[in-house]
Amino acid sequence: MTSSWLKRILGGLHRRLRLLAVRATHPSARFGSKCDIRAQFDLDVFPGANIRFGPGCIVDRAMTIECYGSLDIGPRTIFGHHCTLAVRESLIIGEDCLIAELVSIRDHDHRCDDLTIPFREQGAVVAPVRIGRNVWLGSKATVLKGVTIGDNAVIGANAVVTRDIPANAIAVGVPARVIRMRD
Ligand SMILES: CC(C)(COP(=O)(O)OP(=O)(O)OC[C@H]1O[C@@H](n2cnc3c(N)ncnc32)[C@H](O)[C@@H]1OP(=O)(O)O)[C@@H](O)C(=O)NCCC(=O)NCCS
């Protein structure tokens with residue numbers, strides 16, 4: 001009884017210290033109260049970028065974020081370990097989402113029209129990504145530029161989402177297709 005009480009207190013204290021450390025090392029990003037940001041959080045914030053995690057978000061180990069634009073994550077959204085978010089312009093993720101481990105979300109591609117110069121010198125094609133609230137992205141799902149996923153949708157493990165997915169849909173596969181509606 002006493003030891004579980006002590007564990008809870010120490011766990012809460014540890015979470016607060018981690019949050020303090022993350023806020024101190026990334027002053028330009030905003031983290032709401034009670035965010036739980038775990039080890040190996042790798043955040044590259046470029047000048048002019050705008051990052052906000054709503055209160056109560058949980059970010060498991062080794063998340064990588066590269067942000068030149070605007071990243072807005074709603075309250076209580078949870079990320080599994082080793083997720084990647086790459087933002088040139090805009091990524092919005094709603095509240096109460098469940099993002100499983102190894103998910104990758106990016107709002108751009110490298111241009112690849114010119115055969116005479118390397119990809120890295122060709123610039124990017126950028127289109128904002130918007131993920132609604134209470135969306136569940138299965139393990140290793142990838143969401144590509146320009147996609148909107150509606151509220152309460154489910155995206156299966158390993159899916160590659162290339163087109164919009166409506167609210168309440170369950171979509172799987174590569175490219176992701178709706179297999180049924182939850183309602
Ligand atoms: C998407 C998901 C929720 C669907 O579950 P479900 O409704 O029980 O679906 P079913 O098992 O009835 O499968 C329906 C069809 O979709 C296919 N399917 C299901 N999940 C799939 C997936 N991830 N990729 C490709 N096809 C899939 C099934 O093979 C089946 O095809 P069939 O009708 O040709 O036989 C589940 O399959 C899934 O991917 N869950 C993610 C698990 C995960 O990553 N958890 C992380 C913890 S947060």
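Throughout this document, residue positions are counted from 1 along each chain, in the order its sequence is written. Where totals are concerned, whole chains, interfaces and linings use all residues; where local detail is concerned, this predicted model gives features only for residues with pLDDT of at least 70, and gives and counts side-chain atom pairs only at 80 or more.

Colleague: Can you help me understand the overall build of the chain in this one?
Modeller: Helical segments are the DSSP runs of H or I of at least four residues, strand segments are the runs of E of at least two, and each set is numbered from the N terminus. Helix and strand counts for the chain come out as one helix and 22 strands. With C-alpha atoms as the basis for the radius of gyration, the globule rule is written as 2.2 Å multiplied by the number of residues raised to the power 0.38. Its C-alpha atoms give the chain a radius of gyration of 18 Å, within 12% of the compact-globule value 16 Å for 183 residues. Across its three principal directions, the C-alpha atoms of the chain cover 65 × 45 × 20 Å. Residues are called buried when their C-beta atom has 20 or more other C-beta atoms within 10 Å, exposed when it has 12 or fewer, and partly exposed otherwise; all C-beta atoms are positioned from the backbone. Expressed as a percentage of the 183 residues in the chain, the buried residues total 29%. Throughout, a residue-residue contact means that the two C-beta atoms, derived from backbone geometry, are no farther apart than 7 Å. A separation threshold of at least 6 residues defines the contact pool for the chain, and within that pool the share at least 24 residues apart is 16%.

Colleague: Sorry, what's going on with the sheet that holds strand 11 (residues 98-99) here?
Modeller: Pairing between the strands of a sheet is mediated by backbone hydrogen bonds and can be parallel or antiparallel. In this scheme, strands are said to pair when DSSP sees at least two bridges between them. Read from one edge to the other, the open sheet built from eight strands follows the order 2-5-8-11-16-19-21-22, with strand pairing classed as mixed. Because the sheet does not close on itself, it has two edges, and the strands there are strand 2 (36-37) and strand 22 (177-181). When strand 8 (residues 78-79) meets strand 11, the two strands line up parallel, connected through two bridges. Bridge assignment links I78 to a residue of strand 11, and that residue is L98.

Colleague: Would you explain unusual backbone geometry in this entry?
Modeller: With the exception of glycine, the majority of residues adopt a negative phi angle, and the majority of peptide bonds are in the trans configuration. For the bond running from V174 to P175, omega is -10°, close enough to zero to count as cis. Examined against the element boundaries, P175 turns out to sit in the loop between strand 21 (169-172) and strand 22. One non-glycine residue, Q40, lies in the positive phi region at around 60°. In this structure, Q40 sits in the loop between strand 2 and strand 3 (42-45).

Colleague: Explanation requested: the nonpolar core in the structure shown.
Modeller: Side chains of nonpolar character tend, in soluble globular proteins, to be buried together. By size, the foremost hydrophobic cluster in this structure holds 39 residues, and its most contacted members are L71, A153, I155, V161 and I165. Contacts of I155, omitting those with residues within four sequence positions, involve L137, G138, A141, I149, V161, I165, A171 and A176. As used throughout, a nonpolar core is a set of buried Ala, Val, Leu, Ile, Met, Phe, Trp, Tyr and Cys residues joined through C-beta atoms within 7 Å of each other.

Colleague: Help me understand the site of the ligand, please; the structure alone is not making it clear to me.
Modeller: All residues are tested the same way: a C-beta atom is placed from the backbone, and lying within 6 Å of a molecule or strand makes the residue near it. Taken together, L98, A100, G138, S139, V154, G156, A157, N158, I170, V172, G173 and I179 make up the full set of residues adjacent to the ligand. Nonpolar residues are Ala, Val, Leu, Ile, Met, Phe, Trp, Tyr, Cys and Pro. Charged residues are Asp, Glu, Lys and Arg, and all others, Gly as well, are polar. A per-class count over the shell around the ligand returns seven nonpolar, five polar and no charged.

Colleague: I tried to follow the sheet that holds strand 7 (residues 70-73) on my own but got confused; where do I start?
Modeller: Spatial ordering of the open sheet is given by 1-4-7-10-15-18, a layout of six strands whose pairing is parallel. Sheet topology places strand 1 (29-31) and strand 18 (148-149) at the edges, where each strand pairs with a single neighbour.

Colleague: Before we go on, may I ask you to explain the pairing of strand 22 in this structure?
Modeller: Every regular strand shows the same layout, with side chains that alternate between the two sheet faces. The element strand 22 is barely covered by neighbouring structure, given that only zero of its five residues are classed as buried. In this sheet, strand 22 lies alongside strand 21 in antiparallel orientation, the contact comprising four bridges. Each bridged residue has a counterpart across the sheet, and for V172 the counterpart in strand 22 is R177. Hairpin connection, strand 21 to strand 22: the antiparallel pair is bridged by four residues, and G173 has positive phi, about 95°.

Colleague: Help me understand the environment of T162 in this model?
Modeller: One can find T162 in the loop between strand 20 (160-161) and strand 21. With 14 C-beta atoms packed within 10 Å, T162 lands in the partly exposed category. Separated by ten residues in the primary sequence, T162 and N152 have C-alpha atoms spaced 18 Å apart.

Colleague: Got a minute to help me understand the environment of D96 in this structure?
Modeller: Position of D96 relative to the elements: it lies in the loop between strand 10 (90-93) and strand 11. By the C-beta count within 10 Å, which is 18 here, D96 ends up partly exposed. Separated by 21 residues in sequence, D96 and P75 place their C-alpha atoms 6.4 Å apart. Those residues in contact with D96, other than ones at most four positions away along the chain, are R76, T77, R133 and N134.

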